[in-house]
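# Coordinates in review
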Amino acid sequence: MSSVRRGRIHSWDLSTGVDGPGTRFVLFVSGCPLRCLYCANPDTWHMRDGKETTVDEVMTEIEKYRAFVTTAGGGVTVTGGEPLLQPEFTGEILRRCKEAGLHTALDTSGFLGARASDELLSRTDLVLLDIKSFDITTYRRLTGGELAPTLSFATRLDRLGVRMRIRYVLVPGWTDAPESVDGLARFVAGLPAVQQVDVLPFHKLGAAKYDVLGVPFPLRDTPRPPAELVERVREQFRGQGVAAY
């Protein structure tokens, strides 16, 4: 069987209002090149730990929930891990979902955006783009990767007219610097394809997973951002004419 028909996944779930519009069938693929200090899913880091499956098997599972997700104005979101670590597998799932009349969303850091073909993106109704920081040094310390590929991917999506929602995790002491937020807000304001920015308060819901894996959780002692800080950051985006929630 062709490799495009096979991939490795961690799990799937149903969610509402978090992973795109409406109620979504959310597929978590395995493998990620980044090591974000606040990652809530360290159990998806390694592709080898995922379950090998086929596109047909994934679509069979999705079809069970078609009526539920479509009635609720939702669709299918492919997330991870990093879906673009398995671009052919991800692209085939998006193609099949589009042919089935389902709304499609791709949740990605954009770090591997160059692996997403124009064809894959043409099957994607919405990209949930996680921009971890707008400061190059902070981005590297926070993720272990480089910022430039993500910004390049964002501008490419805008050029292609692919709708985006920007996700920005607000971590006290890491991603709350006013000048960095302002820089990102100005960048996003220049991308007409961006629908909104979701400012996501840092949380520790994945801490138990680190314990199970025997891996230290680097931000265990970092507090959640207070409500007034979250609102300040949202207002910085709004000040540039960008809808922020």
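Residues numbered from 1 in each chain as written. Predicted model: local features only at pLDDT ≥ 70, side-chain atom pairs only at ≥ 80, totals over all residues. Heavy atoms only, no water.

Bringing the environment of Glu231 into the picture now. Tracing the backbone through its elements, the reader meets Glu231 in helix 9 (residues 227-238). A polar contact of 2.7 Å, which involves the side chain of Glu231, links it to the side chain of Arg238. (Helix = DSSP H or I, 4+ residues; strand = E, 2+ residues; numbered from the N terminus. Polar contact = N/O pair within 3.5 Å; in protein donor to acceptor, adjacent residues only side chain to side chain.)

Before going further, it helps to spend a moment on the pattern of salt bridges. With the rule as written, the count across this model stands at 18 salt bridges. With a closest N to O distance of 2.9 Å, Glu92 and Arg5 form a salt bridge. Of this pair, Glu92 sits in helix 3 (residues 87-99) while Arg5 sits in the segment before strand 1 (6-16), and the two are 87 residues apart along the sequence. Between Lys98 and Asp125 there is a salt bridge whose closest N-O contact spans 2.8 Å. With Lys98 in helix 3 and Asp125 in the loop between helix 4 (118-122) and strand 6 (126-130), this residue pair connects regions lying 27 residues apart in the sequence. Given the relative accessible area of 34%, Lys98 is considered partly exposed. (Salt bridge = Lys/Arg side-chain N within 4 Å of Asp/Glu carboxyl O. Buried < 20%, exposed > 50% of the residue type's maximum accessible area, 1.4 Å probe, protein only.)

With that settled, the discussion passes to the side chain of Lys132. Relative to the elements of secondary structure, Lys132 occurs in the loop between strand 6 and helix 5 (136-143). With near-sequence residues (within four places) excluded, Lys132 lies in contact with Leu34, Cys36, Tyr38, Ser109, Tyr139, Leu142, Thr143, Tyr168 and Thr175. (Contact = heavy atoms within 4.5 Å.)

Direction vectors running N to C along helix 7 (residues 178-189) and helix 9 enclose 35 degrees, while the axes themselves pass 8 Å from each other. Between helix 7 and helix 9 the crossing geometry is right-handed. Residues Pro178, Val181, Asp182, Leu184 and Ala185 of helix 7 touch helix 9, and the partners they reach there are Arg232, Val233, Gln236 and Phe237. Its residues assigned to classes, the contact of helix 7 with helix 9 comprises six nonpolar, one polar and two charged. (Axes fitted to C-alpha atoms, helices over the stretch in contact; angles between N-to-C directions. Left-handed = near helix turned anticlockwise from the far one by under 90°. Nonpolar A, V, L, I, M, F, W, Y, C, P; charged D, E, K, R; others polar.)

This brings us to the sheet that holds strand 4 (residues 75-79). Spatially, the eight strands line up as an open sheet ordered 3-1-2-4-5-6-7-8, and their pairing is mixed. With one partner strand each, in any of the chains shown, strand 3 (51-54) and strand 8 (194-201) form the two edges of the open sheet. Strand-to-strand twist of the sheet, defined as the mean angle between neighbouring strand axes without regard to direction, takes the value 30 degrees. As paired strands, strand 7 (residues 164-170) and strand 8 are joined by seven bridges and run parallel to one another. For Tyr168, the partnering residue across the bridge sits in strand 8 and is Val199. Against the sheet, helix 1 (residues 55-64) makes contact with strand 1, strand 2 (23-29), strand 3 and strand 4, and its axis sits at roughly 80 degrees relative to strand 3, the strand it touches most. (Pairing = 2+ DSSP bridges.)

Tallied over the entire structure, the rule returns seven aromatic pairs. When the ring of Trp12 is compared with that of Tyr65, the centres are 5.2 Å apart and the planes differ by 50 degrees; the resulting orientation is tilted. Within this pair, whereas Trp12 is found in strand 1, its partner Tyr65 is found in the loop between helix 1 and helix 2 (66-71), the two being separated by 53 residues in sequence. Of the residues examined, Trp12 reaches a relative accessible area of 33% and is grouped as partly exposed. Classification of Tyr65 by relative accessible area gives partly exposed; the value is 24%. Ring centres 6.1 Å apart and planes at 45 degrees place the aromatic pair Phe25 and Tyr65 in the tilted group. Here Phe25, found in strand 2, pairs with Tyr65, found in the loop between helix 1 and helix 2; they are 40 residues apart in sequence, far enough to count as distant. Among the aromatic side chains, those forming a connected cluster through ring pairs are Trp12, Phe25 and Tyr65. (Phe/Tyr/Trp six-rings, centres within 6.5 Å; stacked < 30°, edge-to-face > 60°.)

All right, on to the nonpolar core then. The nonpolar side chains of a soluble globular protein tend to be buried, and buried together. Formed by 68 residues in total, the largest nonpolar core has its most connected members in Met164, Val197 and Phe237. Filtering out sequence-adjacent residues up to four positions away, Phe237 remains in contact with Tyr168, Val181, Leu184, Ala185, Val197, Val199, Val242 and Ala244. (Core = buried A, V, L, I, M, F, W, Y, C linked by side-chain atoms within 4.5 Å.)

What follows covers helix 3. The periodicity of an α-helix, 3.6 residues per turn, causes residues three or four places apart in sequence to face the same way. Here helix 3 contains 13 residues, and its C-alpha end-to-end distance of 18 Å stays within 8% of the 18 Å for a straight helix at 1.5 Å per residue. Directly after helix 3, the chain includes Gly101, whose backbone phi takes a positive value near 80 degrees. (Expected span 1.5 Å × (residues − 1).)

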